[in-house]
Amino acid sequence: MPQIFRPSTNTLSRVSIFGALAFIALFLWLLAVLNRSAYVTQQAVARQQPVQFSHKHHAGELGIDCRYCHTAVETSARAGIPPTATCMNCHSQIWVDAPFLEPVRASYRTDESLRWVKVYDLPDFVFFNHSAHVSRGVGCVSCHGRVDQMNQIWQASSLQMEWCLECHRHPEPNLRPREAIYDMDWTPPADPELGRKLAREYGVVSRTDCYTCHR
Amino acid sequence: MSQLRPFDLEALRRHLAAEAGAAPWRSLDELAGRPEFIEFLNAEFPQQALALDGEGVDRRHVLKLMAASLALAGLGGCTRQPEERLVPFVRQPEHRVPGKPVYYATSAPIAGFGVGVLAESHEGRPTKIEGNPDHPASLGATDAVLQAAVLGLYDPDRSQVVTQLGDIRPWSAFVATMEGVMAAQRERRGAGLRILTGTVTSPTLASQLTALLAELPEARWHQWEPLGRDAARAGALLAFGEPLETRYRLEQARVVLSLDADILGAPAHGLRYTRELVRARRGAGAGNPRGRLYVVEPFPSCTGALADHRLPLRRCEVDAFARALARRLGIAVPGADDPTLARHAAWIDALARDLRAAGGEVVVAAGEQQPPAVHALAHAMNHALGAVGRTVEHAAPVPARWEDEAASLASLVEDMQAGRVDVLVMLGCNPVFTAPADLRVADALAKVPLRIHHGLYDDETAALCHWHLPEAHFLEAWSDVRAYDGTASVVQPLIAPLYEGRTAHDVVAVLAGQSGRSSHELVREHWRQALGVPDFEIVWQRALRDGVIEGTSQPARSAVLRGDVATRLPPPASTATDTLELVLRPDPYLLDGRFANNGWLQELPRPLTKVTWDNAAYLAPATAARLGLANEQVVELALGDARVEAPVWIVPGVAAESVTLHLGYGRRRAGRVGTGIGVDVQALRTRGALWGGLGLTIRPTRRRHRIACTQDHFSMEGRDLVRRTTVAALADGAAHDDGAHEPTWNESLYDPYPYEGHRWGMVIDLATCIGCNACVAACTAENNVAVVGKDQVLRGREMQWLRVDRYFDGPLDDPALLHQPVPCMHCETAPCEVVCPVNATVHSSEGLNEMVYNRCVGTRYCSNNCPYKVRRFNFYLFQDWNTESYKLGRNPDVTVRSRGVMEKCTYCVQRIEEARITAMQEGRTIRDGDIVTACQQACPADAIVFGDLNDPSSKVAAWHRDPRNYSLLAELGTRPRTTYLGVVRDPNPALAKDRTA
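Residues numbered from 1 in each chain as written. Chains lettered and ligands numbered in written order. Predicted model: local features only at pLDDT ≥ 70, side-chain atom pairs only at ≥ 80, totals over all residues.

(A) Region of the structure containing the overall build of chain B. Looking only at helices and strands, chain B features 33 helices and 40 strands. A compact globule built from 997 residues would reach a C-alpha radius of gyration of about 30 Å, and chain B, at 28 Å, matches this within 12%. With the principal axes as the frame, chain B shows a C-alpha extent of 90 × 75 × 60 Å. Classification of the 997 residues of chain B by burial places 56% in the buried group. Once local pairs closer than 6 in sequence are excluded, the contacts in chain B between residues at least 24 apart make up 75%. (Helix = DSSP H or I, 4+ residues; strand = E, 2+ residues; numbered from the N terminus. Rg over C-alpha atoms; globule rule 2.2 N^0.38 Å. Buried ≥ 20, exposed ≤ 12 C-beta atoms within 10 Å, placed from the backbone. Contact = placed C-beta atoms within 7 Å.)

Next up, the structure:
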């Protein structure tokens, strides 16, 4: 009776065993990649807004301070979305007939709020506080990216917990002087000593307790 | 506990006698130690019983479910967040910062009297009520009813539209109708117009009504407040010849006697008096009086639980007791002592001596549910002891018109029966449900051609009316109200009416032909005229900011006691011992039933009985034994011709041969939550027996009605949980009745945590806790805690993060009552942390025991391992995720939990983080007192302190050093962060029967 398994079967079995392991590993790796991909995190996906508002133009080219519109950023958990009246401060004078601005004018006329799409959308069990970060030397750019170069706003960071923890574990590299919080161009000096100095000065400590963000 | 079985009372007595001086006991069930009860406890955690209800589950079923849940959980994890919108203002109001709550001072009118509150508003939505420290009736505290007001505001069952005979009509249709009606009435000088309200203390409403009555002199205004104060008024008339308010200054009192007066639990002034009494106790020593509290009452109350000496007496015997005491105080009350009191002669003698020895610094308070004679005797005793002007003061009436409301309602009904009423306008009241049964209000209503009802709910009265007008909740209305001491405050809205709610001012304005004027305008205009100051705008703005209108309290005035008060008393009430006594009481939370549709209040365990979602016939163990009744047995109660069926619930501490029933249940049209819950006992309430009477008969049935009592839930095993001492022993250095509590070892397998920054801790003072459950209600409101319903409470799955355990101490028939609030202990070496397989409960660097909902997979190991039983599991989707109006009322700073997740007390970590960020912005560290937990903030007794244990100057650290401080179950080595200060009593040495030592 001839042998059922020829010597080549050995190879086949080795390949299939290691292949299966490799396949599983590949699958898990793919999952991890997918989980960090823009498909899941929505990172770098520009959103259509009800008004074609350009941060690049307003914050970048015109140089309007972030806090002109996001007034609550230094006092509240939320930075605040400007009321229509803030837009109309200027746009009752300039570009009064621009068709792009019709939704803004309509809102002002009818008292119906503009309904902006939320770009930085944390899960409901995460409690982020803007004022706590800007008062301790974390600049807008650190999370929001170069807003002054974005026409449409997209999410500059993944907003995944590992990304938060990266900074919460080692905040020093992301600290800047308070004067530079709203400065889009500020670049940290090569010397890491500044971060350590600021951390001491502003009383920044690594906070990784769950209740820091989850309550 | 499947069938009815009475307790073997003799065995319990023998047991207690054999273990004299033993630890306090939790309940009769525990004491009896029946096999069914042991089984209930040994189910390890009854709340963790099989999640699937009904029939058993087999292996195949389990596998199917596991496969399905694995698949669904896997798929469920793949959802991406739905797109959310940001909706800013078009024109942002000044000073409004998104994400920052704003607090407004307003006042909650409860049964006519105002309690000042600060309402928290998130983005224009009221979410939480706190007490207003500047308001005399609050002093910063709140009670459970106030805490639950937010849920009442967002109740989707509140009436939403104007209806005429059930059809939805616009408000303008009502106004048009009334124009015609009122024109006809004006021709008859208002002869056919009647207005019925509750007790009116609102100066604006009173002036509106007065003006209307001046215009229509034949019209009548009647008042009926089911929790009324007719007896207090009649008592004042007896004693002084005029109706006078009586106020106490408990801070200065050496001896306080309550004659069935729940001075600490009454909604109008309970918060104030609790604060005062507790301050006296804290500041005692060094010449300051402590205020020894004696309480005589038929049914255990919060006041009785704090008493140094409590005497359970039938309600009818309190009158005789007051007379006997008055005689010993030198008041010439005719007659001799009632023979039924002979057994308490030594008690009365000792009390009389104590009262006399206090040098006039005494308070004798009579309860609202006691007859006028007791009130008159209390006045006479206060005068005889020289208390008036020191600890007791009198003032002009607070209600705009203080009248005999039962008589007022009766005369209205008489007019209705006689056909003299053409138009009846009922403002904010529900007489069909609350009126004494013998008045037959529903029958009389049928004879009124036009009936108009204005109320928060489409209730029993609304159903019999032609027009129903939805009432605006106090959080969405402009009005004003007076507090118990007369202090007026403005009720200001935090939100525009959610539905078509109108205030009583609006309705009266329509009657007066001023329908165009808003409540705001009416209230403001009233005060502009009443105050008559040139800079009115400043005064008005200050009143809105502070929550009180300055200088409006009724000044104390002298009162001349009639010389012949003792002889003018009506003959003493019968104390016949051959018959049962009925005692009617308003429910502690639902009051007369007005809050019946409030789930938080329904599910809040009643103080001392710990019953939820029901009322019952509360009996003493001895009475139940004599009648052969078992817990939960339905009995037929008959008084005169009226019959009511109610389940029996045996409560040690109730006076023998006395049956207490709570009003406010058995509502027929309360809403989805309250309708049909409990037993309607109104049938037994007649004008002659407003608060009960003698001659009750009980006929047992064989039926059983399950009662959801939470006392035996989350039971901690045996051991010495509540420690007690006396003032005298404390002075000798004995902090506890038994010194050998603390474990002698302190080792742990785990390395200690360093705690370089803060180390949060809490201390609860059991010596001042009155067991009112305000803390539990406040926690529910602050932390978005879900309501689970009676069925789930029966399974031990209530979700309240904090429970107030009740213990009895001493003999079965007359035990001392003890409370113990139990939140999460935030143990140093927490047993829950080490067993969680997914690290969902971990230790923070500041000592908090963190519960991370998004990690929790619901193994419930943590709860199994918790010796304090403070963890709560979401067996179902308990939280209402769908009703839109509820979403507005939730605290946006706390996660709303879903099913399958464990939760527990967080030490209000959202408040800790808020204080930390505020301190950070101000460039300082967190100060002691910056962080106030929700339970601490609500507590009228200041029994809870929270702070940093690393800061030796903090209050919590000071309380930690107090010799009375002890840890619960310290012998387990859990090193709890929450510790307790033991109970302190100050028994009269002359009363040999020393309860607390």
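(B) A look at the overall build of chain A. Within chain A, the regular secondary structure consists of ten helices and one strand. Starting at the N terminus, the α and β elements of chain A follow one another as α-α-α-α-α-α-β-α-α-α-α. Here chain A has a C-alpha radius of gyration of 25 Å; the compact-globule value for 215 residues is 17 Å, and the former is much larger. Based on the C-alpha atoms only, the size of chain A along its principal axes is roughly 100 × 50 × 35 Å. The buried share of chain A, taken over its 215 residues, is 20%. By sequence separation, contacts in chain A at least 24 residues apart represent 70% of the contacts at least 6 residues apart.

(C) Geometry of unusual backbone geometry. Residue and element names in this part refer to chain B. Even without being a glycine, aspartate 260 presents a positive backbone phi close to 60°. Relative to the helices and strands, aspartate 260 resides in the loop between strand 10 (255-259) and helix 10 (270-282). Backbone geometry at histidine 826 places phi at a positive 45°, although glycine is not the residue there. Inspection of the secondary structure puts histidine 826 in the loop between strand 32 (816-822) and helix 28 (831-835). Given 26 C-beta atoms within a 10 Å radius, histidine 826 is considered buried.

(D) Seen up close, the interface of chain A and chain B. Taken together, the contacts link 36 residues of chain A with 33 residues of chain B. Those elements that provide at least two residues to the side of chain A that touches chain B are helix 5 (84-91), helix 6 (102-110), strand 1 (116-117) and helix 7 (130-134) of chain A. Among the residues making up the side of chain A that touches chain B, the classes are represented as 17 nonpolar, ten polar and nine charged. As paired elements, strand 1 of chain A and strand 1 (residues 85-86) of chain B share two bridges and run antiparallel to each other. Bridging from a neighbouring strand, tryptophan 116 of chain A pairs with leucine 86 of chain B of strand 1 of chain B. (Nonpolar A, V, L, I, M, F, W, Y, C, P; charged D, E, K, R; others polar. Pairing = 2+ DSSP bridges.)

(E) Spatial organisation of the environment of tyrosine 755 of chain B. All names here are of chain B. Its place among the elements puts tyrosine 755 in the loop between helix 25 (727-731) and strand 30 (760-765). Looking at tyrosine 755, the number of C-beta atoms within 10 Å reads 16, which means it is partly exposed. With 90 residues separating them along the chain, tyrosine 755 and serine 845 place their C-alpha atoms 6.0 Å apart. Residue contacts for tyrosine 755: discarding those within four places in its chain leaves Glu846, Gly847 and Asn950.

(F) Representation of the sheet that holds strand 3 (residues 113-122) of chain B in the model. Residues and elements named next belong to chain B. Taken in spatial order, the three strands make up an open sheet running 2-3-4, and their pairing is antiparallel. Strands with a single pairing partner mark the edges of an open sheet, and in this sheet they are strand 2 (102-110) and strand 4 (125-131). Across the sheet, the axes of successive neighbouring strands diverge by a mean angle of 40°, strand direction being ignored. Pairing geometry for strand 2 and strand 3, over nine bridges, is antiparallel. Following the sheet pairing, alanine 108 is matched in strand 3 by valine 115. (Axes fitted to C-alpha atoms, helices over the stretch in contact; angles between N-to-C directions.)

(G) The arrangement of the pairing of strand 21 (residues 580-585) of chain B in detail. Residues and elements named next belong to chain B. Counted residue by residue, strand 21 has six buried out of six residues, so it is predominantly covered. Residues of strand 21 alternate between two faces, with Leu580, Leu582 and Leu584 on one and Glu581, Val583 and Arg585 on the opposite face, all of them buried. Relative to strand 27 (residues 692-704), strand 21 runs antiparallel, the two being bridged by four bridges. By the bridge assignment, leucine 580 is partnered in strand 27 with leucine 696. In this structure, strand 21 lies alongside strand 26 (residues 658-662), joined through five bridges in parallel fashion. The residue of strand 26 that forms the bridge with arginine 585 is histidine 662.

(H) Inspection of the packing of helix 9 (residues 230-240) of chain B against helix 14 (residues 372-384) of chain B at higher detail. All names here are of chain B. With their axes 7 Å apart at the nearest point, helix 9 and helix 14 run at an angle of 50° to one another. Here helix 14 runs oblique to helix 9, going by the angle between their axes. The two elements helix 9 and helix 14 meet at a crossing, and its hand is right-handed. Note on element contacts: helix 14 touches helix 9 through Pro372, His375, Ala376, His379 and Ala380, opposite Ala231, Ala232, Ala234, Gly235, Ala236, Leu238 and Ala239. Grouping the constituent residues of the contact of helix 9 with helix 14 by class yields nine nonpolar, three polar and no charged. (Parallel < 35°, antiparallel > 145°, perpendicular 65-115°, else oblique. Left-handed = near helix turned anticlockwise from the far one by under 90°.)

(I) Representation of the nonpolar core in the model. Leu259, Val363, Ala617, Leu619, Val659 and Cys775 of chain B are the most contacted members of the largest nonpolar core, which totals 288 residues. At eight residues, helix 14 of chain B tops the list of elements feeding residues into this core. Among all residues touching valine 363 of chain B, those that are not within four sequence positions of it are Tyr248, Leu250, Ala253, Val256, Ala387, Thr391 and Val392 of chain B. Counting residues in each nonpolar core, the second largest holds eleven residues, with Cys66, Val73, Ile181 and Val204 of chain A among its members. (Core = buried A, V, L, I, M, F, W, Y, C linked by C-beta atoms within 7 Å.)

(J) The arrangement of helix 8 (residues 203-215) of chain B in detail. Residue and element names in this part refer to chain B. For helix 8, with 13 residues, the first-to-last C-alpha span of 18 Å sits near the 18 Å given by 1.5 Å per residue. What helix 8 keeps buried is the set Pro203, Thr204, Leu205, Gln208, Leu209 and Leu212. On its buried face, helix 8 sits against strand 7 (193-197), strand 8 (220-223), strand 18 (479-482), strand 19 (488-491), helix 19 (504-511) and helix 20 (519-531). (Expected span 1.5 Å × (residues − 1).)

(K) Molecular detail of helix 20 of chain B. Residues and elements named next belong to chain B. Between the first and last C-alpha of helix 20 there are 18 Å, a value that for 13 residues agrees with the 18 Å anticipated at 1.5 Å per step. Taken together, the buried positions of helix 20 are occupied by Ser519, Leu522, Val523 and Trp527. Mapping the buried residues of helix 20 onto a view down its axis gives an arc of 125°, with all of them on the same face. A positive backbone phi angle near 55° is found at glycine 532, which sits one or two residues after helix 20. (Arc of directions from axis to C-beta.)

(L) Seen up close, the sheet that holds strand 20 (residues 556-557) of chain B. Residues and elements named next belong to chain B. A sheet is described by the order of its strands in space; here three strands give the open sequence 9-14-20, paired in antiparallel fashion. One side of each edge strand has no neighbouring strand; the edge strands of this open sheet are strand 9 (245-248) and strand 20. Pairing geometry for strand 14 (residues 392-395) and strand 20, over two bridges, is antiparallel. Of the residues in strand 20, the one forming a bridge with histidine 394 is arginine 557.

(M) Expanded view of the environment of valine 134 of chain A. Residues and elements named next belong to chain A. With respect to the element layout, valine 134 can be found in helix 7. As for valine 134 and proline 2, which are separated by 132 residues in sequence, their C-alpha atoms are 79 Å apart. Beyond its immediate stretch of four places on either side in the chain, valine 134 contacts Val73, Glu74 and Ile181.

(N) Examining the confidence of the model for chain B more closely. The predicted model of chain B averages 88 in pLDDT, with 92% of residues at 70 or higher. Here the predicted complex scores 0.90 on pTM and 0.88 on ipTM. (pLDDT = per-residue confidence, 0-100.)

(O) Main features of the pairing of strand 39 (residues 978-981) of chain B. All names here are of chain B. On strand 39, burial covers both faces: Thr978 and Tyr980 on one face and Thr979 and Leu981 on the other are all buried. Of the pairings in the sheet, the one linking strand 30 to strand 39 comprises four bridges and is parallel in character. Opposite methionine 762, over in strand 39, you have threonine 978 as the bridge partner. Bridging between strand 38 (residues 965-966) and strand 39 involves two bridges; their strand directions are antiparallel. The partner of tyrosine 966 across the bridge, within strand 39, is tyrosine 980.

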